[in-house]
Amino acid sequence: MSRPNLLPFFGLAFRTPTTYAARVENNQKRQGMNATSPIIEATNLDKFYGDFHALKDVDLTVYQGQKMVICGPSGSGKSTLIRCFNGLEWHNSGKLVIDGIEVHEHAKEIRALRQEVGMVFQQFNLFPHLTVLENLTIGPMKVRKISQKQAQETARQYLERVHIPEQAEKYPAQLSGGQQQRVAIARSLCMETRIMLFDEPTSALDPEMINEVLDVMVELADTGMTMVVVTHEMGFARKVADTMVFMEGGRIVEVSPPEQFFTNPSSERCRLFLDQILEH
Ligand SMILES: Nc1ncnc2c1ncn2[C@@H]1O[C@H](COP(=O)(O)OP(=O)(O)O)[C@@H](O)[C@H]1O
Ligand SMILES: [Mg+2]
């Protein structure tokens, strides 16, 4: 597959590999790299739902391997922004380049984009009529055209990674919420995506299950995966984030390293928001 704007920084080694095995190998090579190459570049993004202005002049760069946590009040545009990052929503103006692909509504490369960017949702979105193993293998087999045997091998590895290898033959309804969300994370990993987006992945969970999902996300961060996480779990943010983003009213109000964000945010609105959520 030919690609415009290949990341010059990585040169040949990180051109999009064509085979699944090559993707796995490349993802492994990237692990632990402290790269400085942008993988998501949003410039002057505006997004409307009808007359409603949901994203206002958003500029944001995410670098390879970065762990970015986005927070902000409900309705501030967090979901809209990250949904633009994997082509579930379209911006109306501005420029969005993801892994060398310029994203817009009519982009031919949109299928390629979805193969690069995985998303974990608040509601796990697993297929209820498929077993865990089938949920994990259907994407790689259909989209990446790999054999069932190879897909199952990979799926079992990633189930191991999220600490539920014994659940492979069960159906989603037979699992707890925390286990289902870990299956959803494993499903994204099975696609060997380069970027993982999380949209409030623990908000629908009972409190006792939140940590088992956050722990898996911390482990994933340690592998070098590029992660953009919308969450209000500030303990997780402190542990993992290298960059904190605060949104309000469709705008990015603050982008800062966690040390500064939590102790001395530059905007009053961010300070008030943190006071509210950290109070509890
Ligand atoms: N599909 C949609 N149609 C119309 N308005 C929407 C749609 N999705 C979101 N919105 C509105 O856009 C704003 C931002 O929503 P969202 O990105 O979901 O915020 P957040 O994730 O920060 O809570 C909200 O006011 C919401 O009501
Ligand atoms: Mg949201």
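Residues numbered from 1 in each chain as written. Chains lettered and ligands numbered in written order. Predicted model: local features only at pLDDT ≥ 70, side-chain atom pairs only at ≥ 80, totals over all residues.

## Re the overall build of the chain
On a plain count of helices and strands, the chain comes out with 10 helices and 10 strands. Looking at the chain as a whole, 43% of its 280 residues qualify as buried. (Helix = DSSP H or I, 4+ residues; strand = E, 2+ residues; numbered from the N terminus. Buried ≥ 20, exposed ≤ 12 C-beta atoms within 10 Å, placed from the backbone.)

## Looking at the sheet that holds strand E4 (residues 93-98)
Ordered by their spatial adjacency, four strands build an open sheet running E2-E1-E4-E5, and the pairing between neighbours is antiparallel. Since the sheet does not close on itself, it has two edges, and those belong to strand E2 (52-63) and strand E5 (101-102), each with one partner. (Pairing = 2+ DSSP bridges.)

## So, helix H5 (residues 148-161)
Taking 1.5 Å of rise per residue, the 14 residues of H5 would be expected to cover 20 Å, and the 20 Å separating its terminal C-alpha atoms lies within 8% of that figure. For H5, the complete set of buried residues consists of Ala151, Thr154, Ala155, Tyr158 and Leu159. Taken around the axis of H5, the buried residues stretch over an arc of 140 degrees, which confines them to a single face. In H5, the exposed residues that point more than 90 degrees away from the buried face are Lys149 and Glu153. Against helix H4 (132-143) and helix H6 (177-190) lie the buried residues of H5. Once H5 finishes, His163 follows within two positions and takes phi at roughly 65 degrees, a positive value. (Expected span 1.5 Å × (residues − 1). Arc of directions from axis to C-beta. Contact = placed C-beta atoms within 7 Å.)

## So, the nonpolar core
One broad trend across soluble globular proteins is that nonpolar side chains are buried collectively. Val69, Ala186, Leu197 and Val228 are the most contacted members of the largest nonpolar core, which has 70 residues in total. Excluding residues within four positions of it along the chain, Ala186 makes contact with Leu136, Tyr158, Leu159, Arg161 and Val162. (Core = buried A, V, L, I, M, F, W, Y, C linked by C-beta atoms within 7 Å.)

## Looking at the confidence of the model for the chain
For the chain, the average pLDDT comes to 88, and 87% of its residues sit at 70 or higher. Scored below 50 in pLDDT, residues 1-17 makes 20 contacts in the model with residues more than four places away or belonging to other chains. (pLDDT = per-residue confidence, 0-100.)

## Focus on unusual backbone geometry
Across residues other than glycine, the phi torsion is negative in most instances, and most of the peptide bonds are trans. With a phi angle near 50 degrees, Asp99 is a residue other than glycine that sits in the positive phi range. Examined against the element boundaries, Asp99 turns out to sit in the loop between E4 and E5. Given 27 C-beta atoms within 10 Å, Asp99 falls into the buried group. Phi at Lys145 is positive, roughly 60 degrees, even though this residue is not glycine.

## Focus on the pairing of strand E7 (residues 195-199)
For E7, a buried count of five out of five residues is recorded, marking the element as mostly surrounded by other parts of the structure. Side chains Ile195, Leu197 and Asp199 of E7 all project onto a buried face; the interleaved residues Met196 and Phe198 project onto the opposite face, where all are buried too. Relative to E7, strand E6 (residues 117-120) runs parallel, the two sharing four bridges. Residue pairing in the sheet places Met119 in a bridge with Leu197 of E7. Pairing between E7 and strand E8 (residues 226-230): five bridges, direction parallel. Along E8, the bridge assignment pairs Asp199 with Val230. With helix H7 (residues 207-222) bridging E7 and the parallel E8, this β-α-β connection has right-handed handedness. (Right-handed = clockwise from strand over helix to strand, strands pointing away.)

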